[in-house]
Amino acid sequence: DAGITQSPRHKVTETGTPVTLRCHQTENHRYMYWYRQDPGHGLRLIHYSYGVKDTDKGEVSDGYSVSRSKTEDFLLTLESATSSQTSVYFCAITGDSMNTEAFFGQGTRLTVV
Amino acid sequence: GESVGLHLPTLSVQEGDNSIINCAYSNSASDYFIWYKQESGKGPQFIIDIRSNMDKRQGQRVTVLLNKTVKHLSLQIAATQPGDSAVYFCAENKRGSNYKLTFGKGTLLTVNP
């Protein structure tokens, strides 16, 4: 299995509070992604990174920010959590070759109350 | 195929039968396709991939077929086993999308013993 660790695995937070999720990889892969998974929507891309300090928005980026200060860590921040951000969040990484599969972490279940 | 509303398409088969899971994609510029399996409480796991210059690829007990004319992808699982019960996603990488994978909504496969 690819070395991807997400933390925390579960979190309950209150509306309006900031939350940061961490994705750590040991594969030295260039590309990292944050997805959210909700019933009926599959996996939707929030943000992704194509290198240290290089990030871009996905299809559902509103309310989220990311940072990548080193290759191995990609942080996802909910600046002011809302109930609509209750979801399961997955981090993924891909290698540097064109057309390679993405490897996923185990997911973080976030509940905003 | 793709889900409608909140409900995943479902496929129920008997152990030992062959399973066929379908996926439609919309972008004719997509040039790389992947099938993922997701078991309950886990992240998606890579099963098999195919590039757009191919129309068939075989793995161990799995075959992916690509029909670019009608933009259709299928996953065939031979001799389906109870351990194959999971949600299956197709994903596509669109040319020029900077390695971003776009996922379908998934199909729930249930294998009855």
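See the structure shown above.
This section reports on the structure supplied with the text. As the structure is a computational prediction, the values presented were derived from the model and not from experiment.

Next up on the list: unusual backbone geometry. Most peptide bonds take the trans form, and the phi angle of most residues other than glycine is negative. Here the amide bond leading from A:Ser7 into A:Pro8 is cis, since omega sits at -5 degrees, within 30 degrees of zero. Of note, A:Pro8 is situated in the loop between β1 (4–7) and β2 (10–13). At A:Lys53, a residue that is not glycine, the phi angle is positive and equals roughly 70 degrees. Tracing the chain through its elements places A:Lys53 in the loop between β5 (42–51) and β6 (54–57). Look at B:Lys71: it is not a glycine, yet its phi comes out positive at around 55 degrees. Along the chain, the position of B:Lys71 falls in the loop between β6 (62–67) and β7 (72–77).

All names here are of chain B. When strand β5 (residues 56–58) meets β6, the two strands line up antiparallel, connected through three bridges. Note on β6: the bridge partner recorded for glutamine 58 is threonine 63. The loop that links β5 with its antiparallel partner β6 comprises three residues; one of these, arginine 61, has a positive phi angle of about 65 degrees. One ladder, built from six bridges, connects β6 with β7; its direction is antiparallel. Residue pairing across strands places leucine 66 opposite leucine 73, the latter belonging to β7. A loop of four residues connects β6 with β7, the two strands running antiparallel in sequence, and lysine 71 in this loop sits at a positive phi of about 55 degrees.

Basis of the calculations
- Here the residue index of a chain counts from 1 through its sequence in written order.
- As a convention, the first chain written is A and the first ligand written is 1, with the rest following in written order.
- Under the rules for a predicted model, residues below a pLDDT of 70 receive no local features and side-chain atom pairs below 80 are neither given nor counted, while totals for whole chains, interfaces and linings still include all residues.
- Computation of side-chain values: all heavy atoms of the structure, hydrogens and water removed.
- Helix numbers and strand numbers start at the N terminus; a helix is a DSSP run of H or I with at least 4 residues, a strand a run of E with at least 2.
- One bridge is not enough; two strands pair if DSSP finds at least two bridges between them.

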